[in-house]
Amino acid sequence: MQHQRANRRRLLSVCATAAAGVMLVSACGIGGEADDAPPTATSSGIACAKEGKLAASGSTAQQNAMKYWIGQYQLACPGVQIRYVPIGSGGGVAQFLRGATVIGGTDTPLTEEEFEITREVCPGGRAIDLPMVGGPIAIGYNLDGVEDLVLDAPTLAKIFDSQITTWNDEEIQRLNPGVQLPATEITAVHRSDGSGTTQNFNAYLAEAAPAEWPYPKEKAWQAKGGHSAAGSDGIVSAVRGTDGAIGYFELSFAKAENIPTVRLDTGAPEPVVVSAQSASAGIAAAQVAGSGKDMTLEFDYRTKAPGAYPIVLVTYEIVCATGNRPDVLPALKSFLTYTASEEGQKDLSRIHYAPLPDRVAARVRHVVSTLS
């Protein structure tokens, strides 16, 4: 029990200072006074709540998707204010557990211990994980003169564990015949903060290269050596500014900064290019593993299916299944119904995310309709 209380204090204290940094995110001004009319569908098809304020924080992997959703939603529903701060999955979970937010964004589902803590912020019940946006974890690199690079799981594991330290190593050369690889020192960059992106990358390496990656599937980085940076944007900045650097981050960051990405040798007939489409092929094989209304997904990181990119994540929105405040509930259900809708999902591939499979999105919408 003492161990549980200590863990709880640790989890809740992570966000004590971050809570003060939650900022309003809005694509447009908040318009007019809310009237007394019930929620109505706008011309965009969004069923708007008449008013409400939603505080959310968490995963940096979904920050570009969340920015898009908030912009589209608030254009249709100006009476609702939504704020999202991309402080990483660890911070997002901690703020939700503290009761500072009504949505926590995380790239890995809650642990059993965290589920128990949510009973304190969800009166009469507990929180659930709702998958909302998928995406590939791209391996971006900066290597002068090299515009096409193939790596596999064992080689990636050795690079990020400081066992392979120069780009002309024979193991990298074997995967790239005919490519003139320089003797540049490798600068492998990992997240310094607790990160669901890190946990999913750890899970991929542990499953696909178990002999080379002995580390647990956790949010905290534990491999030897390397360099660290905070947030996905921090890794992007480090990779972009360092010849010989390599790092992992959501594909939209690579596209935004024009950073080249690794093609992955999975054992399929051809190395797989990272894209929203190849990630969707990987996510489509996922199975719902959560119980009750919880929708935790399990992935096949060892897939050899042609065109299926295996380093994928799904960002979950953590919400209370029951016990939501009456002044929050209508806006919460309205916004999450939109994000899981066909309208909310259809344009995600244009900003380099993988839309949820239809069967998963439909189930998410049903669960959202039952929130109370």
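Scroll up for the structure.
Note that the coordinates shown come from a computational prediction; the quantities given were computed from them, not determined experimentally. Starting afresh in each chain, residues are numbered from 1 along the sequence in its written order. The model is predicted, so local features are restricted to residues of pLDDT at least 70 and side-chain atom pairs to those at 80 or more, both for listing and for counting; the totals for chains, interfaces and linings are taken over all residues. Just so you know, side-chain values use all the structure's heavy atoms and leave hydrogens and water out.

Things to note about the overall build of the protein
Then, number 1: Secondary structure summary: the protein contains 13 helices and 14 strands in total.
Then, number 2: For every residue, the accessible area obtained with a 1.4 Å probe (protein chains only) is divided by the maximum for its type, and the residue is called buried under 20%, exposed over 50%, and partly exposed between those limits. When burial is assessed residue by residue, the protein has 53% of its 372 residues classed as buried.
Then, number 3: For the protein, contacts bridging at least 24 residues in sequence account for 75% of all contacts bridging at least 6. For the purposes of this entry, the term helix denotes a DSSP run of H or I that reaches at least four residues, the term strand denotes a run of E that reaches at least two, and both are numbered from the N terminus. Working rule for contacts: check all heavy atoms of both residues, and any pair within 4.5 Å makes them a contact.

Re the nonpolar core
Then, number 1: In plain words, nonpolar cores are sets of buried Ala, Val, Leu, Ile, Met, Phe, Trp, Tyr and Cys residues tied together by side-chain atoms within 4.5 Å. Counting 60 residues, the largest nonpolar core has Phe160 and Ile246 as its most contacted members.
Then, number 2: Ala49, Val80, Val133 and Val364 belong to the second-largest nonpolar core, a separate cluster that totals 42 residues.

Let's talk about the side chain of Gln74
Then, number 1: The topology assignment puts Gln74 in helix H2 (residues 63–76).
Then, number 2: Residues adjacent in sequence count toward polar contacts only when both atoms are side-chain atoms; beyond that, a polar contact is any pair of N or O atoms within 3.5 Å, and within protein one must be able to donate a hydrogen and the other to accept it. For Gln74, the side chain forms a polar contact with the main-chain nitrogen of Ile82, separated by 2.8 Å.

A short note on the pairing of strand E4 (residues 80–85)
Then, number 1: When DSSP finds at least two bridges between two strands, those strands are taken to pair. Here strand E3 (residues 52–58) pairs with E4 via six bridges, running parallel. Bridge assignment links Leu54 to a residue of E4, and that residue is Ile82.
Then, number 2: Look down the strands so they point away from you; if the path from the first strand over the helix to the second goes clockwise, the crossover is right-handed. The parallel pair E3 and E4 is bridged by H2, and the resulting crossover is right-handed.

Regarding the pattern of salt bridges
Then, number 1: Salt bridges are counted wherever a side-chain nitrogen of Lys or Arg sits within 4 Å of a carboxyl oxygen of Asp or Glu. All chains considered together, the criterion is met by 10 salt bridges.
Then, number 2: Residue Glu257 pairs with Arg240 through a salt bridge whose shortest N-O separation is 2.6 Å. With Glu257 in helix H9 (residues 251–257) and Arg240 in helix H8 (residues 231–240), this residue pair connects regions lying 17 residues apart in the sequence.
Then, number 3: Here Arg240 falls in the partly exposed class, since its relative accessible area comes to 43%.

Describing helix H3 (residues 89–98)
Then, number 1: By the criterion of burial, H3 is predominantly enclosed, with eight of the 10 residues buried.
Then, number 2: Within H3, the full set of buried residues consists of Ser89, Gly91, Gly92, Val93, Ala94, Gln95, Phe96 and Leu97.
Then, number 3: Gly99 occupies a position one or two residues after H3 and carries a positive phi of about 85 degrees.

Structural notes on the pairing of strand E14 (residues 312–320)
Then, number 1: Where burial is concerned, most of E14 is hidden: nine out of the nine residues are buried.
Then, number 2: Across the two faces of E14 the burial is the same, with Val312, Val314, Tyr316, Ile318 and Cys320 and Leu313, Thr315, Glu317 and Val319 all buried.
Then, number 3: The pairing of strand E5 (residues 103–106) with E14 spans three bridges and is antiparallel. Paired with Gly104 across the two strands is Ile318, which belongs to E14.
Then, number 4: Looking at chain direction, strand E6 (residues 127–142) and E14 are connected through nine bridges and run antiparallel.

A short note on the state of the cysteines
Disulfide: a covalent bond connecting the sulfur atoms of a pair of cysteines.
Then, number 1: Here, two cysteine sulfur atoms that lie within 2.5 Å of each other are counted as a disulfide. For the coordinates displayed, the defined rule picks out two disulfides.
Then, number 2: Linked covalently through their sulfurs, Cys48 and Cys77 form a disulfide whose S-S length is 1.9 Å. Measuring handedness by torsion sign, the sulfur bridge of Cys48 and Cys77 sits at about -70 degrees and is left-handed. Of this pair, Cys48 sits in strand E2 (residues 47–48) while Cys77 sits in the loop between H2 and E4, placing them 29 residues apart in sequence. In this structure, Cys48 and Cys77 share a single accessibility class: buried.

Re the environment of Glu212
Then, number 1: Mapping Glu212 onto the fold places it in the loop between helix H7 (196–208) and strand E9 (227–229).
Then, number 2: Here the alpha-carbon distance between Glu212 and Gln163, two residues 49 residues apart in the chain, equals 9.6 Å.
Then, number 3: When residues no more than four places from it in sequence are discounted, the contact partners of Glu212 are Pro154, Ala157, Lys158 and Gln163.

Topic: the packing of helix H5 (residues 153–160) against H7
Then, number 1: Axis geometry follows a simple rule: fit a line to the C-alpha atoms, using only the stretch in contact for helices, then measure angles between N-to-C directions, giving values from 0 to 180 degrees. Running from N to C, H5 and H7 point in directions that differ by 125 degrees, and their axes come no closer than 9 Å. By the angle between their axes, H5 is oblique relative to H7. Remark: the crossing between H5 and H7 carries left-handed chirality. Within the contact between the two elements, H5 uses Ala153, Leu156, Ala157 and Phe160 and H7 uses Phe201, Tyr204, Leu205 and Ala208.
Then, number 2: Three classes are used, and their members are as follows: Ala, Val, Leu, Ile, Met, Phe, Trp, Tyr, Cys and Pro are nonpolar, Asp, Glu, Lys and Arg are charged, and the others, Gly among them, are polar. The residue makeup of the contact of H5 with H7, split by class, is eight nonpolar, no polar and no charged. Note on angle classes: values under 35 degrees are labelled roughly parallel, values over 145 roughly antiparallel, values of 65 to 115 roughly perpendicular, and the remainder oblique. Two helices cross in a left-handed way if the nearer one is turned anticlockwise from the farther one by less than a right angle. They cross in a right-handed way if the turn is clockwise.

Overview of the environment of Pro109
Then, number 1: As for its placement among the helices and strands, Pro109 is situated in the loop between E5 and helix H4 (112–118).
Then, number 2: Along the primary structure Pro109 and Asp294 are separated by 185 residues, whereas in three dimensions their C-alpha atoms are 9.3 Å apart.
Then, number 3: When neighbours within four sequence positions are excluded, Pro109 is seen to be in contact with Asp129, Thr296 and Tyr316.

Here we look at the sheet that holds E14
Then, number 1: Taken in spatial order, the eight strands line up as E4-E3-E5-E14-E6-E10-E8-E9 in an open sheet, and their pairing is mixed. Each edge of the open sheet carries a strand with a single partner, namely E4 and E9. Mean inter-strand twist for the sheet, computed between neighbouring axes without regard to direction, equals 25 degrees.
Then, number 2: By the bridge criterion, three bridges tie strand E8 (residues 187–191) to strand E10 (residues 245–250) in an arrangement that is parallel. Each bridged residue has a counterpart across the sheet, and for Thr187 the counterpart in E10 is Ala245.
Then, number 3: Contacts from helix H11 (residues 329–339) reach E3, E4, E5, E6 and E14 within the one sheet, and its direction differs from that of E3 by about 55 degrees.

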